Structures are given as C-alpha cells and as structure tokens.
Amino acid sequence: MSCLAIYHPGDFVHDEVPVTIPFPGIHKIREHSVQNDVVERAKLVHANRCCQQCGSVAVSSIELNDALLNASLQPIPGSATIVAFRCNGCYHEWPAKR
C-alpha cells in the first residue's frame, strides 16, 4: 500500500514527524448497517417464500430501482429495496411483509 503525503514546499521541515490527518470511521458504520440490511432482507425473503394463494414456491421479488452500483455502474444484486412479491404460478402479487 502506498502512502500519500500532502505538504506545502515552504512549510516542510526535515526534522518534523509527519502528521496524520484523522478521518471519521464512516466505513465501519456503513459495514454494520449493510450487515443488518442483509439479515433483514433474508428474513423478508424467507417469510414470503410461498405464494399466499396457491402455495407455490415459484416466487420472485419486485424491487425498486434503487440498487447500489459497483465500479462499473452496474447494480449490485441483492441491494435493491424489496416492495412486493409475485407468484410465477398463479401471478398473484402481495406487498412485502416485514
């Protein structure tokens, strides 16, 4: 890993110890919330795995277009908000229950 040093040439003294600029630990908070989101999403999908009308297990989720994007600007699977479910057998739709 490389180290990036930012300084003004006129202010640099060779005997000084480099000063580290602290940045808030936002990434730690984000990782924790992503972990909770994954668990909540798994619980939601598990609770709605069967159709309420016909009992079929051929159920797909209906998601909003708010997925996180990767470096190639492609949506990351499993990161969009689930709003409803649809049975692929009888085409019944119902809202996502939390």
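Residues numbered from 1 in each chain as written. Predicted model: local features only at pLDDT ≥ 70, side-chain atom pairs only at ≥ 80, totals over all residues. Heavy atoms only, no water.

## Focus: the sheet that holds strand β3 (residues 93-95)
(1) Moving on: If you trace the three strands from one edge of the open sheet to the other, you get β1-β2-β3, paired in antiparallel fashion. Single-partner strands in this sheet number two, and they are β1 (59-63) and β3. In this sheet, adjacent strand axes meet at a mean angle of 30 degrees when their direction is disregarded.
(2) Moving on: Judged from the three bridges that link them, strand β2 (residues 82-87) and β3 form a sheet pairing that is antiparallel. From the neighbouring strand, Ala84 faces β3, where its bridge partner is Pro95. (Pairing = 2+ DSSP bridges. Helix = DSSP H or I, 4+ residues; strand = E, 2+ residues; numbered from the N terminus. Axes fitted to C-alpha atoms, helices over the stretch in contact; angles between N-to-C directions.)

## Here we look at the environment of Val45
(1) Moving on: Its place among the elements puts Val45 in helix α1 (residues 26-47).
(2) Moving on: Not counting residues within four places of it along the chain, the set of residues in contact with Val45 comprises Ile82 and Phe85. (Contact = heavy atoms within 4.5 Å.)

## Quick word on the pattern of salt bridges
Pairing is possible between side chains of opposite charge, provided their charged atoms come close.
(1) Moving on: Scanning the entire structure with this criterion turns up two salt bridges.
(2) Moving on: Linking Arg41 and Glu63 is a salt bridge whose minimum nitrogen-to-oxygen distance equals 2.5 Å. You can see Arg41 sitting in helix α1 and its partner Glu63 sitting in strand β1, a full 22 residues away along the chain.
(3) Moving on: With a relative accessible area of 19%, Arg41 lands in the buried category. (Salt bridge = Lys/Arg side-chain N within 4 Å of Asp/Glu carboxyl O. Buried < 20%, exposed > 50% of the residue type's maximum accessible area, 1.4 Å probe, protein only.)

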